[in-house]
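# Structural features, examined
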Amino acid sequence: MKLVTAVIKPFKLDDVKEALKSAGVVGVTVTEVRGFGRQGGHTETYRGTEYQVDFLPKVKVEVVVDDADVDSAVEAIVSSARTDKIGDGKVWVTTIDELIRIRTGERGAEAV
Amino acid sequence: MDTGDAAWVLVSSALVLFMTPGLAFFYGGMDRSRNVLNMLMMNFWCLLIIPILWVVVGYSIAGGNFDAAFFGGFGAAFLKDIGLEGEGAMQLLTIAFLGMFAVITPALISGAVAGRMKFAAWAIFAPVWMLLVFAPVFKWVYGGWLGVRGSLDFAGGTAIHVNAGIAALVAVLILGKRKGWPKEGSPPHSMPLVMIGTGILWFGWFGFNAGSALGANGQAVQAFMNTFLAAAAGGLAWVLVERVRDGHPTNLGAASGIVAGLVAVTPACGYVSSMSSIWIGLAAGVICSFAVRLKFKAGFDDALDVVGVHFVGGLVGSLMIGLFADSSHFGNEHLDGLFYGGGLTLLLEQAIANGVTIVYSAVVTALILLALKATVGLRVTEDEELTGLDTVEHGETAYHFGEVTMGRG
């Protein structure tokens, strides 16, 4: 089992969700996060004083999938979240040691 | 009692009362999210303590004996001998109306001391300041020696905005800077709250200014129109400056300009014509949009720009009466401004009245704060300042997100 984590532009969340559903993913967890990468931040001005905003709002998407489905899930995210402009975010894949469905107690691939 | 006059002043009193919560939102939105409730409470505290103190003794000092030069005395303390017969009802109404001003004037100072003042110190400072600074200066300006000399202040430019503005400057000098200022920025935590507060202030200000005619008459109508125009002109001027200087027209600029225009037209609104009020608003918008940056050059941490908006704006409006006052427009007896054939006399009187107010208010404000510093203390600890005054001083949090944050204790 793999955990696929993506940090994306917030307005792309709907597209990513639909793409993941189409790719057969049955559950998604999202978190509103802030961060910076190569895009950098922006400035805001209040009463003539400039403030640098380094951490931009992003959305973190997490899905757990079977090893066989990793590539299609990653492809779904990458193709749906891409705008070709700086700040589109990243996707990374990590291995999961154990997975348990709370309701039934099923473990491993059964619980995906 | 003229029922028309009474009706208008009744409504105006309620309008002015609404300004204090409006000010609280205006300031609260600009404050940090960890201090917003403390800001609201500093303002609402004035609504709790001042009305009672006002009828006990405040009104008596400020207006008990209208003909006194310096001190209204204690003759009207506890509203002694003020009934409803004859002119009694109108007098009682006037006391209520002026009480609203006594509430909001110390509240204005709260924006400067945001984020580090002990609530206990504020709780004592606000009412004591109202009695020792607001009430006497009010007396001098209205019916007292500064008014008799010829200076004009229709609704409280000198007595309220310059008075509270200079007190705010003294307060931040004695209190000191917030930790991290000016390196660490503290932009407004909620601009929508600022805009709601601005709307409430503008709405309430019609009572503040037009109500100060103390009747439903031509002067009230002109003051109403001037309040309408100067606020718009102030906001317009500030936003245009921003567009040219900083690149963006901002909500905070619009709000600040509206308030600057309102502040400036406050002393002038019953003495100048509609067109003059536009000039006053424009001047206040431009001048205050630069004045708010003085604190960075001079190094005083006036957190929400009480000095740059209220002190400077009040001074601009008060001095511009010396240019634009037009007694013939109202058919009243008072000095005319420079542009209306009055020469420099009124301008000089305006300068004297404001100069006296600045010196007296600065000295007495300093004495009150130094006394508090030596007793209850003025500042919260550094840890408390970083934690935020909402939880430390009030045991409350402004924004609970989600359901996991609270259980029954």
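The shown structure was predicted, so the numbers you read here are calculated from the model rather than taken from an experiment.

The number of helices and strands found in chain A is two helices and six strands. When the helices and strands of chain A are placed in sequence order, the string is β-α-β-β-β-β-α-β. Overall size of chain A, expressed as C-alpha extent along the three principal axes, is 60 × 30 × 20 Å. The 112 residues of chain A split such that 33% are buried. For chain A, restricting intrachain contacts to residue pairs at least 6 apart in sequence, the fraction spanning at least 24 positions comes to 71%. Split by element, the accessible area of chain A, about 7,100 Å² in all, is 50% carbon and sulfur. Measuring between centres, the 16 positive side-chain charges of chain A sit 5 Å from its 19 negative side-chain charges.

This next bit is on the overall build of chain B. Across its full length, chain B holds 16 helices and zero strands. Its C-alpha atoms give chain B a radius of gyration of 21 Å, near enough to 22 Å, the size a compact globule of 409 residues would have. When its C-alpha atoms are laid out on the principal axes, chain B stretches across 65 × 55 × 40 Å. Here chain B holds 409 residues, and the buried ones make up 59% of them. Looking at chain B as shown, the accessible area adds up to about 15,700 Å², and 69% of this sits on carbon and sulfur atoms. Within chain B, the 26 negative side-chain charges are centred at a point lying 13 Å from the centre of the 19 positive side-chain charges.

All names here are of chain B. In the structure shown here, the tally under the stated rule is 21 aromatic pairs over all chains. Judged by centre distance (6.0 Å) and plane angle (75 degrees), the rings of Trp45 and Phe119 are edge-to-face. Within this pair, whereas Trp45 is found in helix H2 (residues 36-64), its partner Phe119 is found in helix H4 (residues 119-141), the two being separated by 74 residues in sequence. Taking the relative accessible area as the measure of exposure, Phe119 reaches 13% and is therefore buried. With 5.7 Å between their ring centres and 40 degrees between their planes, Phe70 and Trp145 make a pair best called tilted. Here Trp145 lies in helix H5 (residues 145-149) and Phe70 lies in the loop between H2 and helix H3 (88-109), a separation of 75 residues in the sequence. Taking relative accessible area as the criterion, Trp145 reaches 26% and is therefore assigned partly exposed. Members of the aromatic cluster, each reached through a chain of ring pairs, are Trp54, Tyr59, Phe134, Phe138 and Tyr142.

Once that is clear, we can look at the pattern of salt bridges. Residues and elements named next belong to chain B. Summed over all chains, the structure comprises 16 salt bridges over all chains. With its nearest N and O atoms 3.3 Å apart, the salt bridge here joins Asp81 to Lys80. Residue Asp81 is classed as exposed on the basis of its relative accessible area, which comes to 71%.

Residues spaced three or four apart along an α-helix point in a common direction, a consequence of the helix completing one turn every 3.6 residues. Residue and element names in this part refer to chain B. Its 28 residues give helix H8 (residues 218-245) an end-to-end C-alpha distance of 40 Å, which sits within 8% of 40 Å, the value for a rise of 1.5 Å per residue. Its side-chain oxygen at 3.2 Å from the backbone nitrogen of Gln219, Asn217 defines the N-terminal cap of H8. Gly247 sits one or two residues past H8 and shows a positive phi near 105 degrees.

Residues and elements named next belong to chain B. At a minimum axis distance of 9 Å, the contact between H3 and H4 shows a crossing angle of 120 degrees. Considering their axes alone, H3 and H4 lie oblique with respect to each other. The interaxial crossing formed by H3 with H4 has right-handed handedness. Of H4, the residues touching H3 (which contributes Leu98, Phe101, Ala102, Thr105, Pro106, Ala107 and Ile109) are Trp122, Phe125, Ala126, Trp129, Met130, Phe134 and Phe138. Grouping the constituent residues of the contact of H3 with H4 by class yields 13 nonpolar, one polar and no charged.

Right, let's talk about the confidence of the model for chain B for a bit. Residue-level pLDDT values for chain B average 96, and 99% of them are 70 or greater. For this predicted complex, the interface confidence score (ipTM) comes to 0.84, while the overall pTM stands at 0.93.

Here we come to the packing of helix H9 (residues 251-268) of chain B against helix H12 (residues 306-324) of chain B. All names here are of chain B. It is at 7 Å that the axes of H9 and H12 come closest, and there the two elements cross at 40 degrees. When the axes of H9 and H12 are compared, the pair comes out oblique. Helix-helix and strand crossings are classified by hand; for H9 and H12 the assignment is right-handed. Residues Ser256, Val259, Ala260, Val263, Ala264, Pro267 and Ala268 of H9 form the contact with H12, whose participating residues are Val309, His310, Gly313, Gly314, Gly317, Ser318 and Ile321.

All names here are of chain B. Summarising the element assignment, Gln350 is placed in helix H14 (residues 345-374). The exposure class assigned to Gln350 is buried, which follows from its relative accessible area of 1%. Here Ser318 takes part through its backbone oxygen, which lies 2.9 Å from a polar atom of the side chain of Gln350.

Residue and element names in this part refer to chain B. A relative accessible area of 52% places Phe70 in the exposed class. Separated by 196 residues in the primary sequence, Phe70 and Thr266 have C-alpha atoms spaced 23 Å apart. Aside from chain neighbours lying at most four places away, what touches Phe70 is Pro136, Lys139, Trp140 and Trp145.

Parameters at a glance
- Residues numbered from 1 in each chain as written.
- Chains lettered and ligands numbered in written order.
- Predicted model: local features only at pLDDT ≥ 70, side-chain atom pairs only at ≥ 80, totals over all residues.
- Heavy atoms only, no water.
- Helix = DSSP H or I, 4+ residues; strand = E, 2+ residues; numbered from the N terminus.
- Buried < 20%, exposed > 50% of the residue type's maximum accessible area, 1.4 Å probe, protein only.
- Contact = heavy atoms within 4.5 Å.
- Areas by Shrake-Rupley, 256 points an atom, 1.4 Å probe, with all protein chains shown as cover.
- Lys, Arg positive; Asp, Glu negative; His and termini not counted.
- Charge placed at Lys NZ, Arg CZ, Asp CG, Glu CD.
- Rg over C-alpha atoms; globule rule 2.2 N^0.38 Å.
- Phe/Tyr/Trp six-rings, centres within 6.5 Å; stacked < 30°, edge-to-face > 60°.
- Salt bridge = Lys/Arg side-chain N within 4 Å of Asp/Glu carboxyl O.
- Expected span 1.5 Å × (residues − 1).
- Polar contact = N/O pair within 3.5 Å; in protein donor to acceptor, adjacent residues only side chain to side chain.
- Axes fitted to C-alpha atoms, helices over the stretch in contact; angles between N-to-C directions.
- Parallel < 35°, antiparallel > 145°, perpendicular 65-115°, else oblique.
- Left-handed = near helix turned anticlockwise from the far one by under 90°.
- Nonpolar A, V, L, I, M, F, W, Y, C, P; charged D, E, K, R; others polar.
- pLDDT = per-residue confidence, 0-100.

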